[in-house]
Amino acid sequence: MWELTKLKDVKVTDKYFDEALHIDVKNMLLLDPDRLLAGFRETACILAGEDEETTSAFMKRKQRYGGEWEDKLIGGHTMGHYLTALAQAAVSPAVTGKELEDVKARLDYMLVSLKECQEKIKGTENEGFIFGAGFPTKEFRDNPLLQFENVEKGLSHPFLEAWVPWYTMHKILTGLNASFKYYGSETALEIANALGIWIAKRTEGWTEDKHKKVLSIEYGGMNDCLYELYEINKSLRDQGSSLYSKEYERFADAAHAFDETELFERILSGKADLLNNVHANTTIPKFIGALARYEAFNSETKYLEYAESFWDLVVNKHTYVTGGNSENEHFGQDNVLDAERTNVNNETCNTYNMLKLSRRLFAVTGKKKYLDYSARTLINAIMASQNHETGFTTYFQPMATGYHKVFNTLDGNFWCCTGTGYENFTKLQRGIFYKGDEKLLISLYIASEYVSDDYVVTMDCNFTESDKVNIRIKPAAGKAIADDLWLRIPTWSKAVPSVRLNGKEKELGQNEGFLIIPKEDIASGAELEVYIPFGITCESLPDGKNTYAFLYGPYVLSARLGAKKIMTKPHGIAVVASAGRSVDSDEISIVSEKSVEDFVGNIDKYLIKRDGETEFDLIGTSKPLVFTTHFDQYTESYGIYWKLKV
């Protein structure tokens, strides 16, 4: 129905977004590629039966990165994210000059090096295999596939047995797929196809018991990346290209081996509390994989139902105002959110994956709710996950009032969310525009430019300063614009947006939450002014009817609570979490109205925007507070949710 426009065709010109991209790319280029490759090289040499001296030379005498992740059994997961992020950056119109040269050189080097690793074991029983995990004991060094064998036995101690090797493999294969899909690297495709055959052989050898044990341990989106590899090869075959793997159908069969239909059916049943105490980031990619099966085989509509049911459950019953979800990496009971506000909410990987699921669901269904979620989440969860001075990113974003965001470091915290963080900020143009049959949709109102063979669309806007969006559409020389222009009506808009077309008011038709400008009105080009009225809105939580968050148009607001009590503490496996709480209570007494309902109903009187600033003063309460846009909170403790009382 719709397609995401290609990354190479869209340039984000918003200053804040542009800075976020470039600081992310800078950090990636500061990493030592040989340290990221060290584990892959050592694994290849061991499987090739080479001696320690040869192995050391091939590794270029570099050690893996540490931080309790890259040097342990999950080592190599960063490589997959890194490849994807570099491939995205390599085709971004905003990455140019020396920066672009460096990105391309780095990506080429990583791919050639991985190919060298794969070539070392060509002709052996593990042909095609690449992996970069650390070796905690001699037993693992002697057998780099021991993790996979242990998973097939149901063993999963992250330090002694297996730390989710299929999860890691998903990142690696996805990075290779991206390097071909976006960057066009034939080397990446060769590696991916050989690796896909190794994976297929492994899945084909599972007994029913082994299969169940593998599915009981986190495996990321192995179904998603294998269906993607299948589709890449099928498309190449259909185009008559010689690049496709003759064994590509095995990739779809291998993908299906990771389709957890028992889980899918359970979610589809609609029973209560199906996600209680379920690990969120283990689960979300499984349903992206279900959607991938529908994308690959449109006749399998049940898999679309699985994905839609899961999305509805997560967004409607487990999601905070920013678009994030989870407490300490897990879902809770349905509609229990206020009670689970802590210092470890909203794992960034979850948000990354829900955004991926949402955009793809819109593409196949055309349902506006997926775009509404995506728009809110990009601004208030993804943009809010970056320290905009250092470019480092969050693991958690606390929903309990009084905590702060904790960010990774350059080379010491290779968390899962570090990897998705690299990806998030090299694809900020994704989801702004969608292309359909004789129609173009503007989904996100972000200053940007879309260039196609037929026309150029330029959009200027900044909702922190104005409610006006300027859109210019100009046809290519000798062509007329043959697409209708669709505009998403945001859920936060106080009224239907008004539109001026070439300086004149224009009444527009609507279609299920979209304004439509007919192609006839813009055939020779046009200038549009779109006014989207907005103000303060309030949202409470299902288990806390008087626990409110405030939004200004599309922006979640959070109170500035200072930096005096900022402290951190270890959490989980080498993660760092906020520890110091800057307030004793998140209760606010209302002194200006007789009820919470009256206060919320008149919130424009009490949460007042300062002229020319994105600062808001809360008055009429016992505790005066200053709020700001949450995406710009990265130095202080903050409060999004407040319990109102009279």
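This one's a predicted model, so the numbers in the text were calculated from it and none came from an experiment.

A.B. asks: Help me out: how do you make sense of empty space enclosed by the protein in this one?
C.D. replies: Leftover empty space is mapped by rolling, across the atoms, a probe with the size of a water molecule. In the structure shown here, the tally under the stated rule is ten cavities of 30 Å³ or more. Taken as a whole, the largest cavity encloses approximately 80 Å³ of empty space. When residues of the lining of the largest cavity are traced back to their parent elements, those giving at least two are strand 2 (10-12) and helix 1 (15-30). Tallied by class, residues from the lining of the largest cavity come to eight nonpolar, three polar and three charged.

A.B. asks: Which parts of the structure should I look at to understand the sheet that holds strand 3 (residues 433-436)?
C.D. replies: Backbone-to-backbone hydrogen bonds join strands into a sheet, with any given pair of strands oriented parallel or antiparallel. Read across the open sheet, the six strands follow the order 1-3-4-8-12-11; overall the sheet is mixed. In this open sheet, the two strands that pair with only one neighbour each are strand 1 (2-4) and strand 11 (509-510). Pairing geometry for strand 4 (residues 439-442) and strand 8 (residues 484-488), over four bridges, is parallel. When the bridges of strand 8 are listed, Leu441 appears paired with Trp486. Of the strands in this sheet, strand 1, strand 3, strand 4 and strand 12 (514-517) touch helix 16 (residues 348-365), which is tilted by about 150 degrees from strand 1. Along the sheet face, helix 17 (residues 368-382) touches strand 3, strand 4, strand 8 and strand 12 and points at about 60 degrees away from the line of strand 8.

A.B. asks: Explanation requested: the pattern of salt bridges in the structure shown.
C.D. replies: Should their charged atoms come close, side chains of opposite charge can pair. This model, assessed by the stated rule, comprises 49 salt bridges. When the shortest N-O distance is used, the salt bridge between Lys506 and Asp521 registers 2.9 Å. Within this pair, whereas Lys506 is found in strand 10 (residues 504-506), its partner Asp521 is found in helix 19 (residues 519-522), the two being separated by 15 residues in sequence. Exposure remark for Asp521: the relative accessible area of 28% places this residue in the partly exposed category.

A.B. asks: Is there a simple way to explain helix 18 (residues 416-424) in this structure?
C.D. replies: Burial analysis of helix 18 places nine of its nine residues in the buried class, the great majority of the element. Buried residues of helix 18: Cys416, Cys417, Thr418, Gly419, Thr420, Gly421, Tyr422, Glu423 and Asn424, and no others. On the buried face of helix 18, the contacting elements are helix 1, helix 4 (77-90), helix 8 (165-181), helix 16 and helix 17.

A.B. asks: Could you clarify how one ought to interpret the layout of surface pockets in this entry?
C.D. replies: In this model, the largest pocket occupies a volume close to 1700 Å³. Taken together, 45 residues line the largest pocket, and the ones lying closest to its centre are Glu3, Leu4, Lys181, Tyr182 and Glu228. Elements supplying a minimum of two residues to the lining of the largest pocket: strand 1, helix 4, helix 8, helix 11 (222-238), helix 14 (280-296), helix 16, helix 18 and strand 5 (448-451).

A.B. asks: Can you walk me through the nonpolar core in this structure?
C.D. replies: Soluble globular proteins tend to bury their nonpolar side chains together. Counting 97 residues, the largest nonpolar core has Trp166, Met169 and Leu176 as the members making the most contacts within it. Broken down by element, this core gets its largest block of residues, nine residues, from helix 9 (residues 186-204). For Leu176, the contacting residues outside a window of four places in its chain are Leu83, Leu111, Leu114, Ile130, Ala188, Ile191, Ala192 and Leu195. One finds Tyr450, Val469, Val499 and Tyr548 within the second-largest nonpolar core, a separate group that totals 70 residues.

A.B. asks: Please clarify how the pairing of strand 22 (residues 625-629) should be interpreted in this entry.
C.D. replies: The side chains of a regular strand alternate between both faces of the sheet. The buried count for strand 22 comes to four of five residues, which makes it a mostly enclosed element. Where strand 16 (residues 555-560) lies against strand 22, three bridges are found, and the strand directions are antiparallel. Its bridge partner lying in strand 22, Leu557 is registered against Thr629. With antiparallel pairing between neighbouring strands as the criterion, strand 21 (residues 615-618) and strand 22 make up a hairpin whose turn holds six residues, including Gly620 at a positive phi of roughly 75 degrees.

A.B. asks: Any chance you could explain the environment of Trp492 here in plain terms?
C.D. replies: When you line up the elements, Trp492 lands in the loop between strand 8 and strand 9 (498-501). The spatial distance from the C-alpha of Trp492 to the C-alpha of Val25 is 33 Å, given a sequence separation of 467 residues. Not counting residues up to four positions away in its chain, the partners in contact with Trp492 are Phe463, Ile532, Pro533, Phe534, Gly553 and Pro554.

A.B. asks: What am I meant to see in the sheet that holds strand 5 here?
C.D. replies: Pairing is antiparallel in the open sheet, where seven strands are placed in the order 2-5-6-7-13-9-10. What marks the edges here is a single partner per strand, and that holds for strand 2 and strand 10. When the angles between neighbouring strand axes are averaged without regard to direction, this sheet yields 20 degrees. As paired strands, strand 7 (residues 468-475) and strand 13 (residues 526-531) are joined by six bridges and run antiparallel to one another.

A.B. asks: Help me out: how do you make sense of the environment of Val25 in this one?
C.D. replies: Along the chain, the position of Val25 falls in helix 1. Linking Val25 and Lys115, residues 90 residues apart in sequence, is a C-alpha distance of 24 Å. Look past the residues within four positions of Val25 in its chain and what remains in contact with it is Ala89, Glu99, Val103 and Thr426.

A.B. asks: Would you explain the packing of aromatic side chains in this entry?
C.D. replies: The geometry of an aromatic ring pair is captured by the separation of the ring centres together with the interplanar angle, meaning the angle of the planes. What the rule picks out here adds up to 46 aromatic pairs. On the numbers, 6.4 Å between centres and 80 degrees between planes, the contact of Tyr227 with Phe297 is edge-to-face. Highlighted residues: Tyr227 in helix 11 and Phe297 in the loop between helix 14 and helix 15 (301-317), separated in sequence by 70 residues. Look at Phe264 and Phe287: their rings are 5.0 Å apart centre to centre, the planes differ by 55 degrees, and that puts the pair in the tilted class. One end of the pair, Phe264, is in helix 13 (residues 261-268); the other, Phe287, is in helix 14, and 23 residues separate them in sequence. Just as Phe264 is buried, Phe287 falls in that class too. Ring pairs connect the aromatic residues Phe129, Phe131, Phe148, Trp166, Trp198, Trp206, Tyr219 and Phe258, which therefore count as one cluster.

A.B. asks: Could you clarify how one ought to interpret helix 14 in this entry?
C.D. replies: Residues lying three or four places apart along an α-helix face the same way, a consequence of the helix completing one turn every 3.6 residues. If you check helix 14, its first and last C-alpha atoms are 25 Å apart, about what 17 residues at 1.5 Å a residue would give, namely 24 Å. Counting buried positions over the 17 residues of helix 14 gives 16, a clear majority of the element.

A.B. asks: How should the packing of helix 11 against helix 12 (residues 248-257) be read in this particular structure?
C.D. replies: Pairs of packed helices are described in terms of their axes, by the angle between the two and the distance that separates them. Helix 12 packs onto helix 11 with a crossing angle of 160 degrees between their chain directions and a minimal axis gap of 8 Å. Considering their axes alone, helix 11 and helix 12 lie roughly antiparallel with respect to each other. Between helix 11 and helix 12 the crossing geometry is left-handed. Contacts between helix 11 and helix 12 involve Asn223, Leu226, Tyr227, Leu229, Tyr230, Asn233, Lys234 and Arg237 from the first element and Tyr248, Glu249, Phe251, Ala252, Ala254, Ala255 and His256 from the second. In terms of residue class, the contact of helix 11 with helix 12 is built from nine nonpolar, three polar and three charged.

A.B. asks: Any chance you could explain the side chain of Arg359 here in plain terms?
C.D. replies: Position of Arg359 among the secondary structure elements: in helix 16. Within the buried core, Arg359 has no salt-bridge partner, and the shortest N-O distance to an opposite charge, that of Glu423, equals 9.7 Å. The contact partners of Arg359, leaving out residues within four places of it in the chain, are Leu4, Ser374, Leu378, Arg430, Gly431 and Tyr434.

A.B. asks: Any chance you could explain the pairing of strand 15 (residues 544-552) here in plain terms?
C.D. replies: When you tally the buried positions in strand 15, you get seven out of nine residues, the bulk of the element. Pairing of strand 14 (residues 536-541) with strand 15 involves six bridges; the strand directions are antiparallel. Residue pairing for strand 15: Ile536 is matched across the bridge by Tyr552. A loop of two residues connects strand 14 with strand 15, the two strands running antiparallel in sequence. Where strand 15 lies against strand 24 (residues 642-645), two bridges are found, and the strand directions are antiparallel. The partner of Tyr548 across the bridge, within strand 24, is Trp642.

About the thresholds
Residues numbered from 1 in each chain as written. Predicted model: local features only at pLDDT ≥ 70, side-chain atom pairs only at ≥ 80, totals over all residues. Heavy atoms only, no water. 1 Å grid on protein atoms, 1.4 Å probe; cavity = no way out; pocket = protein on both sides within 12 Å on 5 of 7 lines; lining within 4 Å. Points joined across faces, edges and corners; volume = space filled by probe spheres on them. Helix = DSSP H or I, 4+ residues; strand = E, 2+ residues; numbered from the N terminus. Nonpolar A, V, L, I, M, F, W, Y, C, P; charged D, E, K, R; others polar. Pairing = 2+ DSSP bridges. Contact = heavy atoms within 4.5 Å. Axes fitted to C-alpha atoms, helices over the stretch in contact; angles between N-to-C directions. Salt bridge = Lys/Arg side-chain N within 4 Å of Asp/Glu carboxyl O. Buried < 20%, exposed > 50% of the residue type's maximum accessible area, 1.4 Å probe, protein only. Core = buried A, V, L, I, M, F, W, Y, C linked by side-chain atoms within 4.5 Å. Phe/Tyr/Trp six-rings, centres within 6.5 Å; stacked < 30°, edge-to-face > 60°. Expected span 1.5 Å × (residues − 1). Parallel < 35°, antiparallel > 145°, perpendicular 65-115°, else oblique. Left-handed = near helix turned anticlockwise from the far one by under 90°. Lys, Arg positive; Asp, Glu negative; His and termini not counted.

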